[in-house]
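These are the residues of each chain, in order.
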Amino acid sequence: MLNADAPVALLIDNDEGMVEAIAARLRAAGVRCVTAGSGAQGIALFDKEYIDVVITDLAMPGGGGTSVVESIRRHSDVPIIVITGYREVFDHELHFIPGVSLLRKPFDSGDLLARIELELATREDACQARSAA
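Student: For the overall build of the protein, give the residues involved together with the corresponding values.
Tutor: Counting secondary structure elements, the protein contains five helices and five strands. Going residue by residue from the N terminus, the α and β elements of the protein occur as β-α-β-α-β-α-β-α-β-α. Relative to its 133 residues, the protein shows a buried fraction of 45%. Partitioning the intrachain contacts of the protein with sequence separation of at least 6 by distance along the chain shows that 63% fall at a separation of at least 24. By element, 52% of the accessible surface of the protein is carried by carbon and sulfur atoms, the whole surface being about 6,900 Å².

As structure tokens, then:
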């Protein structure tokens, strides 16, 4: 499904079981995964690795998804998918930041793959439009 040019996803969540399950599904679909167990670790990996899309939990100890989004947005327009059961926090803090979308927990891995495809296609379209201008 997503094996053209092997996109790289940074997956940030403190729930190790969730990370393992999501990463296995993404890898099976042809997505290369880099994983982090905290927001701080995710930000450090983002600064070192080439990343096409970030998938982050919102509620994590020691630097949650809000700080991840704010840090990445300071220097990159990479798509960010926030996975959470706390829609109210997303709506209050992150809803209006460009390139940031919400996927509510619990979610189906097929929904996540579809969202990744959409975000990557949208970003590619925007890059092509800027190049044509």
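Student: Give a description of the sheet that holds strand β1 (residues 8–12) that names residues and reports values.
Tutor: The strand order across the open sheet formed by five strands is β2-β1-β3-β4-β5, and the pairing between neighbours is parallel. The sheet is open, and its two borders are formed by β2 (32–36) and β5 (100–104), each paired with just one other strand. Mean inter-strand twist for the sheet, computed between neighbouring axes without regard to direction, equals 20°. Relative to β5, strand β4 (residues 80–84) is paired through five bridges, and the arrangement is parallel. The partner of I81 across the bridge, within β5, is S101. Lying over the sheet, helix α3 (residues 65–73) contacts β1, β3 (53–57), β4 and β5, oriented at roughly 155° with respect to β3.

Student: Go over the side chain of T84 with me, naming the residues and quoting the values.
Tutor: Here T84 lies in strand β4. Here T84 is in contact with D57, L58, L102, L103, R104 and K105, once residues within four sequence places are set aside.

Student: Any chance you could break down the pattern of salt bridges for me, citing the residues and the numbers?
Tutor: Applying the stated rule across the entire model yields three salt bridges. Ionic pairing is found between D57 and K105, a salt bridge with its closest N-O pair at 3.3 Å. Taken together, the residues span a long stretch of sequence, with D57 in strand β3 and K105 in the loop between β5 and α5 (109–132) at a distance of 48 residues. Classification of D57 as buried rests on a relative accessible area of 5%. A relative accessible area of 24% places K105 in the partly exposed class. Ionic contacts of the salt-bridge type, sharing partners, join the residues D13, D57 and K105 into one network.

About the criteria used
- Residues numbered from 1 in each chain as written.
- Predicted model: local features only at pLDDT ≥ 70, side-chain atom pairs only at ≥ 80, totals over all residues.
- Heavy atoms only, no water.
- Helix = DSSP H or I, 4+ residues; strand = E, 2+ residues; numbered from the N terminus.
- Buried < 20%, exposed > 50% of the residue type's maximum accessible area, 1.4 Å probe, protein only.
- Contact = heavy atoms within 4.5 Å.
- Areas by Shrake-Rupley, 256 points an atom, 1.4 Å probe, with all protein chains shown as cover.
- Pairing = 2+ DSSP bridges.
- Axes fitted to C-alpha atoms, helices over the stretch in contact; angles between N-to-C directions.
- Salt bridge = Lys/Arg side-chain N within 4 Å of Asp/Glu carboxyl O.

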